[in-house]
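Structural overview
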Amino acid sequence: MRKAVFLDRDGTLNKLVYDDLRNEFHPPFFPEELVLLQGTGEALHRLMSEGYLLFVITNQPDHAKGKTTLENIKADEDKFRSLMRENGIDLAGYYACYHHPDGVENEFAVICECRKPGTLFVDNAVKEFVIDRSTSWFVGDRGSDIECGRRSGMRTVLLTGGQDNDSSLSTNATVTAGSLSNAIELITQANKKAECHQ
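Quick caveat: nothing in here was measured; it's all calculated off a predicted structure.

What counts, and at which threshold
Within any chain, residue numbers begin from 1 and follow the written order of that chain's sequence. Residues qualify for local features only when their pLDDT is at least 70, as the model is predicted, and side-chain atom pairs are given and counted only at 80 or more; totals for whole chains, interfaces and linings, by contrast, use all residues. To get the side-chain values, all heavy atoms of the structure are used, and hydrogens and water are removed first. Here, nonpolar core means buried Ala, Val, Leu, Ile, Met, Phe, Trp, Tyr and Cys residues that are tied together by side-chain atoms lying within 4.5 Å of each other. Note on classification: 1.4 Å probe, protein chains only; a residue is buried when its accessible area is under 20% of the maximum for its type, exposed when over 50%, partly exposed between these limits. For the purposes of this entry, the term helix denotes a DSSP run of H or I that reaches at least four residues, the term strand denotes a run of E that reaches at least two, and both are numbered from the N terminus. The contact rule is simple, with two residues in contact once any of their heavy atoms fall within 4.5 Å. For two strands to count as paired, DSSP must find a minimum of two bridges between them. Only the stretch in contact is used when fitting a helix axis, every axis being a line fitted to C-alpha atoms; angles between N-to-C directions are given from 0 to 180 degrees. By convention a crossover is right-handed if, when the strands point away from the viewer, the path from the first strand over the helix to the second runs clockwise.

1. Concerning the nonpolar core
One finds V5, L54, F80 and V139 to be the most contacted residues of the largest nonpolar core, which totals 32 residues. For this core, the secondary structure elements donating two or more residues are strand 1 (4-7), helix 1 (40-49), strand 4 (53-59), helix 2 (70-86), strand 5 (93-97), strand 6 (137-140), strand 7 (155-159) and helix 5 (180-196). The greatest single-element share of this core, amounting to five residues, is contributed by helix 2. The residues contacting V139, other than those within four sequence positions of it, are V5, F6, L7, D8, T12, V157, L159, L180, A183 and I187. F6, C97, V122 and C148 belong to the second-largest nonpolar core, a separate cluster that totals 16 residues.

2. Observations regarding the sheet that holds strand 1
Pairing within the open sheet is parallel, and its six strands lie in the order 5-4-1-6-7-8. The sheet terminates laterally at strand 5 and strand 8 (175-177), the two strands that pair on one side only. Pairs of neighbouring strands in the sheet enclose a mean axial angle of 20 degrees, with direction left out of account. With four bridges connecting them, strand 1 and strand 4 associate as parallel partners. Each residue of the ladder has a partner; that of A4, found in strand 4, is L53.

3. Quick notes on the pairing of strand 6
Side chains W137 and V139 project from strand 6 onto one buried face, and the interleaved F138 and G140 project onto a second face that is buried too. Note: strand 1 against strand 6, three bridges, orientation parallel. Pairing of V5 across the sheet is with W137, part of strand 6. Bridging between strand 6 and strand 7 involves four bridges; their strand directions are parallel. For V139, the partnering residue across the bridge sits in strand 7 and is V157. In the classification by handedness, the crossover that spans strand 6, the intervening helix 4 (residues 143-151) and the parallel strand 7 is right-handed.

Right, dumping it as structure tokens:
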């Protein structure tokens, strides 16, 4: 079985965008707004060198909410994948949920199993890639990320140094970290300790 790290995208790997009018942060709506956070490439390279499969699982409900188009979201995804390739990052999987139960676009205004903290995408990846949940982690900056990881039987890291943290469901986070780089250090140390005790 293989070990993996599942990562949130917006606010974890790339920057959020601040809306002055609404006084809130939101995911990038256009490709030119999608910028990786400092240290993302180096942190993911560290995980790859330690033998982890890398997966991105992201909620992208802004089309469902009527805030942007699905075409824009898909263009952002293309930009993100391009940035990963440019940085030499090999993602084993990229999963995006476009639904929101309170959406205004009827096709996407549904209760689904793929929206975090739902575990559908994690379960699919675990099955397809034969992943060991006990040695795998979920990293994100919001409570839904931590709850998804917890429900999936994995250890979790809540990022606390981001632009728009949400700790509403994070009481069960295994550890907290101020940045992605700090999170990767904690993950590699924890798994090495576990391996030493086997």
